[in-house]
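Per-entry structural report
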Amino acid sequence: MSYFLRRVDGNIWHGQFSSFPEDLVTHAVSTRLGGHSAKPFDSLNLGLHVGDSEENVLANRRIFMRSLGFRVEDIVTPNQIHGDKIFVVDESHRGRGSQNYSDAIPETDALITNTPSLPLMLCFADCVPIFLIDVENRAIGLAHGGWKGTLNRIAAKTFHAMAENFGTRAEDCLAGIAPSIGACCYEIGESVREACANAFPNNPELIVERDGKKFLDLWSANKVQLLEAGLPEENIDVAGECTCCNANFYFSYRAAGGTTGRIAAVIALKED
Ligand SMILES: [Zn+2]
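An account of the accompanying structure is given in this report. (Residues numbered from 1 in each chain as written. Predicted model: local features only at pLDDT ≥ 70, side-chain atom pairs only at ≥ 80, totals over all residues.)

**Remarks on the overall build of the protein**
Within the protein, the secondary structure is distributed over 6 helices and 13 strands. Computed over C-alpha atoms, the radius of gyration of the protein comes to 17 Å, within 12% of the 19 Å expected from 2.2 N^0.38 for 272 residues, which places it in the range of a compact globule. Taking the principal axes of its C-alpha atoms as reference, the protein extends roughly 45 × 45 × 35 Å. Within the protein, the proportion of its 272 residues that are buried is 49%. Long-range pairs, those at least 24 residues apart, make up 67% of the contacts in the protein with a sequence separation of at least 6. (Helix = DSSP H or I, 4+ residues; strand = E, 2+ residues; numbered from the N terminus. Rg over C-alpha atoms; globule rule 2.2 N^0.38 Å. Buried ≥ 20, exposed ≤ 12 C-beta atoms within 10 Å, placed from the backbone. Contact = placed C-beta atoms within 7 Å.)

Given below as structure tokens:
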């Protein structure tokens, strides 16, 4: 397994994929440790839209971005709505959403860019962070796959947007499916089961049955669509870490029963 956690300053942790070339990108998934927020956002909540104090979230963002060598003022982040819109980010968007939810990139669940030193950030509590890296054309993508985005193939659509905008080829594209709720914990009802069966008619294995209950394997559903898009299997890394099983370490919407903080996935291209 190539996903690992590294402790940096204090109690700040970086979840990273060892398959991502360090000379090309800086990336990390945050944990809930080492921040300022009080319960139920304790403590490194990075989401501005969940009811936490703005002051604490901005302090948390400063701590986490500093640990990566970034400035908060440079981050680009969207208002995520469980859709499948992909936004092409460039220098003109620098800072959008970094300190204010109102100027975030509107209604978008994936960002792509080929601009170096421009950190992209998405927020999560159980939904699947998907990183994409074009190692040949130097471009990156970051997507948010909850069940809706996953069944709408947002990971594959993000790759296709990179292909269209940056000439990304499947064989040059690395993918990382980061910590999120696993099939161990993600119990679903009949309507989601049916939506999955319709979206992935050839992959009944994505629905796992246990003790008369049904669970959705979001990790495999995201991997399957990247394989369909042509990415070689060896290019796709799955962290295999469940945020709900590890809710003392990550924010988990399911484990918290609703109100909780957000971890973030962050990635930026390095200068050539
Ligand atoms: Zn679990």
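Now, onward.
**Quick notes on helix α5 (residues 218–228)**
Burial analysis of α5 places 8 of its 11 residues in the buried class, which makes it a mostly covered element. Burial in α5 covers these residues: Leu218, Trp219, Ala221, Asn222, Lys223, Val224, Gln225 and Leu226. Backbone geometry just downstream of α5 places glycine 230 in the positive-phi region, at approximately 110 degrees.

**Description of the packing of helix α3 (residues 154–166) against α5**
At their nearest, the axes of α3 and α5 sit 8 Å apart, and the two run at 35 degrees to each other. In the crossing of α3 with α5, the sense of the turn from one axis to the other is right-handed. On the side of α3, the interface is formed by Ala155, Ala156 and Phe159, while α5 contributes Asn222, Gln225, Leu226 and Glu228. When the residues that make up the contact of α3 with α5 are grouped by side-chain class, the tally is 4 nonpolar, 2 polar and 1 charged. (Axes fitted to C-alpha atoms, helices over the stretch in contact; angles between N-to-C directions. Left-handed = near helix turned anticlockwise from the far one by under 90°. Nonpolar A, V, L, I, M, F, W, Y, C, P; charged D, E, K, R; others polar.)

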